[in-house]
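Summary of the model geometry
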Amino acid sequence: FSKEFRPRNPHKEGDIQCRPETIFKRLNPNSMDHLAEYDLESIIPGSIDNCHTLWLSDFELWDEGAIAIAKGLKGNKQVHTVYMHFSQVGDDGAEAFAELLKVNQDLHTINLGQNMIENEGAIHFAEALKVNHGLHTLTLDHNKIHEPGIVALIEALKVNEDLLHVSIFIFIFIVSIVISVLNI
């Protein structure tokens with residue numbers, strides 16, 4: 001067995017975790033709707049210095065925020081984990097992260113569960129997974145992904161032998177799929 005062993009949990013003692021209140025500021029602090037503008041283009045590059053884990057869950061980023069974060073992570077070799085569940089991210093945000101995965105092999109974990117990603121976003125991730133060999137875990141639970149997106153992800157897993165876990169959990173009464181490369 002010639003593969004280099006990689007632990008499932010890439011976190012190390014001393015890892016720095018960054019949370020939304022230390023990263024983002026709304027341009028209009030009185031606006032709480034998703035149309036509020038975030039000054040992400042100027043905040044992201046300096047705010048993720050020395051971060052290993054970005055905790056962006058429950059923060060209404062929408063696609064615009066996810067796109068800015070993905071741009072900010074291009075070329076970043078320190079951040080290995082991004083939690084963005086419950087962040088209102090859709091297919092455009094998923095596409096930005098998929099494009100990021102094509103050039104960033106240092107991300108180990110991405111959690112985009114409980115968002116608004118549909119088949120199109122899942123298909124973008126599937127294409128990225130065919131060329132990314134650094135990601136350990138991709139969580140897409142409770143999005144709007146159905147058969148075409150699931151099939152695309154399964155096909156990508158046949159090509160990517162490095163990904164350890166993809167989780168897609170869709171409405172328990174319809175279908176629940178947890179795929180582990182170790183079990184394929």
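Data block above holds the structure.
Below or above, wherever it landed, is the structure these notes cover. (Residues numbered from 1 in each chain as written. Predicted model: local features only at pLDDT ≥ 70, side-chain atom pairs only at ≥ 80, totals over all residues. Heavy atoms only, no water.)

Side note on the packing of helix H4 (residues 91-103) against helix H5 (residues 119-129)
- Contact geometry for H4 and H5: axes closest at 8 Å, N-to-C directions at 0°. Taken together, the axes of H4 and H5 are roughly parallel relative to one another. In this structure, H4 uses Asp91, Ala94, Glu95, Phe97, Ala98, Leu101 and Lys102 to contact H5, whose residues at the interface are Glu120, Gly121, His124, Phe125, Glu127 and Ala128.
- Each residue belonging to the contact of H4 with H5 can be placed in one class, and the counts come to 6 nonpolar, 2 polar and 5 charged. (Axes fitted to C-alpha atoms, helices over the stretch in contact; angles between N-to-C directions. Helix = DSSP H or I, 4+ residues; strand = E, 2+ residues; numbered from the N terminus. Parallel < 35°, antiparallel > 145°, perpendicular 65-115°, else oblique. Contact = heavy atoms within 4.5 Å. Nonpolar A, V, L, I, M, F, W, Y, C, P; charged D, E, K, R; others polar.)

Brief notes about the side chain of aspartate 63
- Relative to the helices and strands, aspartate 63 resides in helix H3 (residues 62-73).
- Among buried Asp, Glu, Lys and Arg side chains, aspartate 63 stands out as unpaired, with lysine 144 the closest opposite charge at 11 Å.
- Side-chain polar atoms of aspartate 63 contact the backbone nitrogen of glycine 93, separated by 2.8 Å.
- Residues within four places of aspartate 63 in sequence aside, it is in contact with Gln88, Val89, Gly90, Asp91, Asp92 and Gly93. (Buried < 20%, exposed > 50% of the residue type's maximum accessible area, 1.4 Å probe, protein only. Lys, Arg positive; Asp, Glu negative; His and termini not counted. Salt bridge = Lys/Arg side-chain N within 4 Å of Asp/Glu carboxyl O. Polar contact = N/O pair within 3.5 Å; in protein donor to acceptor, adjacent residues only side chain to side chain.)

Some remarks on the pattern of salt bridges
- Using the criterion set out here, one finds 4 salt bridges in the structure.
- One salt bridge in this structure joins aspartate 106 and lysine 77, with 3.6 Å as the shortest N-O distance. With aspartate 106 in the loop between H4 and strand E4 (109-111) and lysine 77 in the loop between H3 and strand E3 (81-83), the pair connects residues that are 29 residues apart, well separated along the chain.
- A residue is classified by how much of its surface remains accessible, and aspartate 106, at 26% relative accessible area, is partly exposed.
- Note on lysine 77: relative accessible area 65%, which makes it exposed.

Considering the nonpolar core
- Counting 42 residues, the largest nonpolar core has Leu54, Leu73, Met84, Phe97 and Phe125 as its most contacted members.
- The element best represented in this core is H4, accounting for 6 residues.
- When neighbours within four sequence positions are excluded, methionine 84 is seen to be in contact with Leu56, Ser57, Leu61, Ala66, Ile69, Val89, Phe97, Asn111, Leu112, Gly113 and Asn115. (Core = buried A, V, L, I, M, F, W, Y, C linked by side-chain atoms within 4.5 Å.)

Points about unusual backbone geometry
- Positive phi values are uncommon outside glycine, yet glutamine 88 reaches one of about 65°.
- Note that glutamine 88 resides in the loop between E3 and H4.
- Even without being glycine, histidine 142 reaches a positive phi, approximately 55°.
- Along the chain, the position of histidine 142 falls in the loop between strand E5 (137-139) and helix H6 (147-159).

Quick word on H3
- Here H3 contains 12 residues, and its C-alpha end-to-end distance of 17 Å stays within 8% of the 16 Å for a straight helix at 1.5 Å per residue.
- Counting buried positions over the 12 residues of H3 gives 9, a clear majority of the element.
- Residues Trp62, Asp63, Gly65, Ala66, Ala68, Ile69, Ala70, Gly72 and Leu73 constitute the buried set of H3. (Expected span 1.5 Å × (residues − 1).)

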